[in-house]
Amino acid sequence: MIYFDFRRYRRLFTADFETSTGAWNCNARVWLWDICDEKYDHKTGTKLTDFMWRIIRTSINYLYIFRNLAYDGIYILQWLLENKFTHVDEDKLTPYTFTTIIGEQGQHYCYRIMGRNSQIVTIMDSLKTVNMSIESSATMYDLPIKKGHIDYDMYRPETWQPTKDEIEYIHNDTEIDMRTIQINMKMGGVKFTQAGNARYLYKRSIGKKNYEIYFPTLDENTDKYIRKAYRGGYVFCNPKYIDKVLYNMVSLDKNSMYPAQMLHEPMPIFEPLFFSGKYDDKNSKFYPLYIQHIRVSFDLKKGGIPTVAKKSGFLSSPDLYISSSNGYLYDLYLSNPDLELFLMNYEVHDIEYIDGCMFKAKKGIEITEEQAMNMTKQEIIDEDGKGSIFYDYIHQWRMGKEYHKGAQRDYDKRMQNALYGTFGSNPMRGQRIPYINENGAISLHDTEKTFQKVGGYIPVAVFVTAWARYNLIKHIVNHIDDFVYCDTDSLYMLDRVNLKDFPINSTLYDYFKIEHYIYKFKCVGAKRYIYWGWTPDNPTVWEKHITCCGADEEIKEQMDFNNFNRGEEFYGKKQAKTVIGGKIIVTTTYRLGKK
């Protein structure tokens, strides 16, 4: 079986390929590879076949780690299939076969290959546990080596002998990855994924038995029902300000928004209790949380903001939410915070309460700003959230966030935020299986989804995100005329807004902090905005900030207020393309949303 734990492998190696690009105008191929061991010794070569036979023939339960397996892995999969290895299910591994775990969205988690003598080698993607580039890792982890630079597009024939600089370049890449993994393991990151680390450490903190009591495995129908109420962060641009250049604004950012809900708000536990019709408030003492299924027609109130998401809403569209049912009846599944927001913002014409389910709950105490004035920072950290079933887990990482620096602080922050997402993992799972298509390149076909009892407890994910939206949107509703844009945990407001109306504190969770004072701002859609601003701590340094979904840094460098328009095109986007042999990077055009 595949062990998703670094400690279960006899030896760890990091590996990397340097490959042809679209500028070479040829089939994809590897022209340089490197393997780095735990002592930072390297084995380097130029032929993919040499690399593959080396890792297969020498492995005795060895693990090879790539940063971004979705790219390098295509070369491996093509080689395996072209060299008569057969893809099989994990429990059917025999000599000259391999198995893969590739998610429905094309996420390459790991491969497992069995050689002639039944020796097995495992390959995994470090990007799932270190969610940043090699260059960023070297900087964030303050490593003694940094990522170098070479000319990727320079053509190299098959007889090419790599230069000293090219070999040093790839050595640095694999060593940076190895050092990063080693540091993470010392900090407790022993699992293949960040979510896996969070779940493992949380279970350990409360005990496996308690975990199973609080968060029982739900049957397929119950999970599907509750999952209909699961939504992500709220992203919305005020229609009267979209596509307009605005001046004099302020951005507010929430402190640890999702962990704050887990500490302060009621969180569901145990098996849900289903009911017919409308939730009865008489149940609120023992079952304060519920999901209500309604059939309803509605229109947005004057001054209201839309909260019903379009099922097919794409980020390229400026309109992600429904303002009117247009006389039709919609079936909605809403948690009680979302139901309150719905009734607050929409005029209801016809409504039928169909059924629902309700939950027992636990919550922690919330330290108020008034209480905090008489407490030290350490006392706030120790007391805030006590009583929550997530207190011990969050407290550990919160301490680290406050007192650590650099890579350790970044790790603490990521681990604190990772836990809630583990509860939202979907037990209905399928895989994508690699094969060589009629054009001679790797394609992936989908397997049928099956229900697997390894998912999370979806009610927690539902209510963490619901409370987060509720506690953000209520500020928007109260200041709708000054509201410009929000993105999950941040607000962008005209600076005429009265900041005294907002809870602002740099330490307290779910309070706001002032992120930037903004001179000039423009938003053209969800996750597509540009502004000039400065931080409260550094008012003399103005910086340009661009958030633009799908745009890489080269594209962002071309953007300014004159060309930041819907439908505008920018040439220079680097994009991976699967071709015969593997993947290549091609240069293409980026389009800024739809006109």
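Residues numbered from 1 in each chain as written. Predicted model: local features only at pLDDT ≥ 70, side-chain atom pairs only at ≥ 80, totals over all residues. Heavy atoms only, no water.

Engineer: Got a sec to walk through the sheet that holds strand β15 (residues 330-335)? Specific residues and values, please.
Structural biologist: Strand pairing in a sheet takes place through backbone hydrogen bonds and is either antiparallel or parallel in direction. Taken together, the four strands give an open sheet; going across it, the order is β11-β16-β12-β15, and neighbouring strands pair in antiparallel fashion. Looking at the sheet topology across the chains shown, the edges are occupied by β11 (267-276) and β15. With direction set aside, neighbouring strand axes in the sheet form an average angle of 35°. Relative to the sheet, helix α7 (residues 220-227) contacts β11, β12 (289-300), β15 and β16 (346-362), its axis offset from that of β16 by approximately 130°. (Pairing = 2+ DSSP bridges. Helix = DSSP H or I, 4+ residues; strand = E, 2+ residues; numbered from the N terminus. Axes fitted to C-alpha atoms, helices over the stretch in contact; angles between N-to-C directions. Contact = heavy atoms within 4.5 Å.)

Engineer: Give me the lowdown on the sheet that holds strand β5 (residues 86-87), citing residues and values where you can.
Structural biologist: With mixed pairing, eight strands are arranged side by side in an open sheet as β3-β2-β1-β4-β8-β7-β6-β5. Unpaired on one side and paired on the other, β3 (42-45) and β5 mark the two borders of the sheet. The pairing of strand β2 (residues 30-36) with β3 spans four bridges and is antiparallel. Bridging from a neighbouring strand, Asp34 pairs with Thr44 of β3.

Engineer: Would you mind going over helix α5 (residues 194-206) in detail, with residue names and values included?
Structural biologist: Over its 13 residues, α5 runs 19 Å from end to end, which matches the ideal 18 Å to within 8%, given 1.5 Å per residue. Taken together, the buried positions of α5 are occupied by Gln194, Gly196, Asn197, Ala198, Leu201, Tyr202 and Ile206. Elements that come into contact with the buried residues of α5 comprise α6 (208-214), α12 (391-403) and α13 (406-422). Two residues or fewer past α5, Gly207 is found with a positive phi of approximately 95°. (Expected span 1.5 Å × (residues − 1). Buried < 20%, exposed > 50% of the residue type's maximum accessible area, 1.4 Å probe, protein only.)

Engineer: Provide a residue-level description of unusual backbone geometry, including the pertinent values.
Structural biologist: Even without a glycine there, the phi angle at Asn25 is positive, about 60°. The topology assignment puts Asn25 in the loop between β1 (11-19) and β2. In this structure, Asn68 is a non-glycine residue whose phi angle is positive, near 85°. Tracing the backbone through its elements, the reader meets Asn68 in the loop between β4 (62-66) and α2 (69-82). Judged by relative accessible area, which is 31%, Asn68 ranks as partly exposed.

Engineer: An account of the pairing of strand β18 (residues 432-436) is needed here, citing residue identities and associated values.
Structural biologist: Every regular strand shows the same layout, with side chains that alternate between the two sheet faces. Two strands pair when backbone bridges link them, and β18 and strand β19 (residues 442-446) are joined in this way by five bridges, in the antiparallel orientation. For Arg432, the partnering residue across the bridge sits in β19 and is Asp446. Linkage of β18 to β19, two consecutive antiparallel strands, is achieved through a turn of five residues, within which Gly440 is found at a positive phi near 90°.

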